[in-house]
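Working through the structure, step by step
Below, each chain spelled out in residue letters.
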Amino acid sequence: MSGAHPNLTVVDHPLIRHKLSYLRARTTPKKEFKELVDEIAMLMAFEATRDLPTEEVEITTPIETTTAHRIRGKKLVLVPILRAGLGMVDGVLSLMPGARVGHVGLYRDEDTLQPVEYYFKIPPGAADRDFLLLDPMLATGGSASAAVDGLKRRGATSIRFLCLVAAPEGVERMRRDHPDVPVLAAALDRGLDENGYIMPGLGDAGDRLFGTR
Ligand code: PRP
Ligand code: URA
């Protein structure tokens, strides 16, 4: 948890700080940018799944039979918010390749900053699944909040939101709209500029991931 934001955990680790410094730099090329997003997402997923319940199972090693532990309970679903959330999927899947992947299509209208939904596809049985919602940027919080609204409308009850860079405005919006949804971020930045960009941030994550600007 982070002081003023009871819903926020900043996943602070020297490796994450180091990689974030390259991710933020405007000179970092597209290929490295994507690799860094994956690597940080993987490190964050490690923390985000720390409290998954495990159960004892009996296994036989080449030497003898023993007790080991396996994850039990609800099945994990990764849900990237398109487009930029897609950049985090491979990194998280490298830790949990069996997780299913849903998709939420949202873009932020550049004039109103309001999220517009254009696609929504998640596996059936939402109530019996744990959702990890992925988006590198939490700015005003409009997109994340709308994505959580959409998941809840479809029956989801267990949702965590993973982002790389968060603004206080977005964290607060999530606390107001969805106090039951923990937010995990690699960094909490200063705030938003007049165009709704995070300061200091890393610019437009989707454009940098996909080379569209
Ligand atoms: C970016 C980002 C988030 C959203 C955050 O997406 O990836 O989804 O903005 O801003 P908010 O917290 O103010 O809603 P964008 O709308 O630029 O779409 P893109 O991923 O297709 O580039
Ligand atoms: N979306 C981005 O990609 N970057 C920001 O700084 C804010 C919203």
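Residues numbered from 1 in each chain as written. Chains lettered and ligands numbered in written order. Predicted model: local features only at pLDDT ≥ 70, side-chain atom pairs only at ≥ 80, totals over all residues. Heavy atoms only, no water.

Going by what an unreviewed UniProt entry lists, the protein is known as Uracil phosphoribosyltransferase and is assigned to Gaopeijia maritima. In its Catalytic activity (unreviewed entry) section, the UniProt record describing the protein reads: "UMP + diphosphate = 5-phospho-alpha-D-ribose 1-diphosphate + uracil". (UniProt positions renumbered as here; feature names shortened; annotations may be inferred.)

**Observations concerning the site of ligand 2**
In the neighbourhood of ligand 2, the contacting residues comprise R108, M137, A139, G196, Y197, I198, G203, D204 and A205. A distance of 2.8 Å separates an oxygen atom of ligand 2 from a polar backbone atom of I198. The contact in question runs from an oxygen atom of ligand 2 to an N or O atom on the backbone of A205, over 2.9 Å. Contact with the protein chains covers 89% of the free accessible surface of ligand 2, which is 240 Å². For the shell around ligand 2, the residue count by class is five nonpolar, two polar and two charged. (Near = heavy atom within 4 Å. Polar contact = N/O pair within 3.5 Å; in protein donor to acceptor, adjacent residues only side chain to side chain. Areas by Shrake-Rupley, 256 points an atom, 1.4 Å probe, with all protein chains shown as cover. Nonpolar A, V, L, I, M, F, W, Y, C, P; charged D, E, K, R; others polar.)

**Considerations on helix α1 (residues 14–24)**
Taken together, the buried positions of α1 are I16, K19, L20 and L23. The arc enclosing the buried residues of α1, seen along the axis, measures out at 110 degrees, which places them on a common side. When the buried face of α1 is taken as reference, the exposed residues oriented beyond 90 degrees from it are P14 and R17. Where α1 is buried, its residues meet α2 (30–48), β10 (158–166), β11 (183–188) and α6 (205–210). (Buried < 20%, exposed > 50% of the residue type's maximum accessible area, 1.4 Å probe, protein only. Helix = DSSP H or I, 4+ residues; strand = E, 2+ residues; numbered from the N terminus. Arc of directions from axis to C-beta. Contact = heavy atoms within 4.5 Å.)

**So, the nonpolar core**
Side chains of nonpolar character tend, in soluble globular proteins, to be buried together. Ranked by internal contacts, the top residues of the largest apolar core, which has 37 residues, are L23, M44 and L132. Contributions of two or more residues to this core are made by α1, α2, β4 (75–82), α3 (86–95), β8 (129–134), β10, β11 and α6. Ranked by residues supplied to this core, first place goes to α2 with eight residues. Leaving out residues up to four positions away in the same chain, L132 has contacts with A48, L76, V77, L78, V79, V92, M96, R160 and L162. Among the nonpolar cores identified, the runner-up in size contains 26 residues, and V104, A144, V171 and V181 belong to it. (Core = buried A, V, L, I, M, F, W, Y, C linked by side-chain atoms within 4.5 Å.)

**A word on the pairing of β10**
Extensive coverage of β10 is indicated by the burial of nine of its nine residues. Of the pairings in the sheet, the one linking β8 to β10 comprises five bridges and is parallel in character. Pairing of L133 across the sheet is with F161, part of β10. Where strand β9 (residues 137–138) and β10 come together, two bridges link them in parallel fashion. Residue L138 lies in a different strand from β10, and its bridge partner there is A166. (Pairing = 2+ DSSP bridges.)

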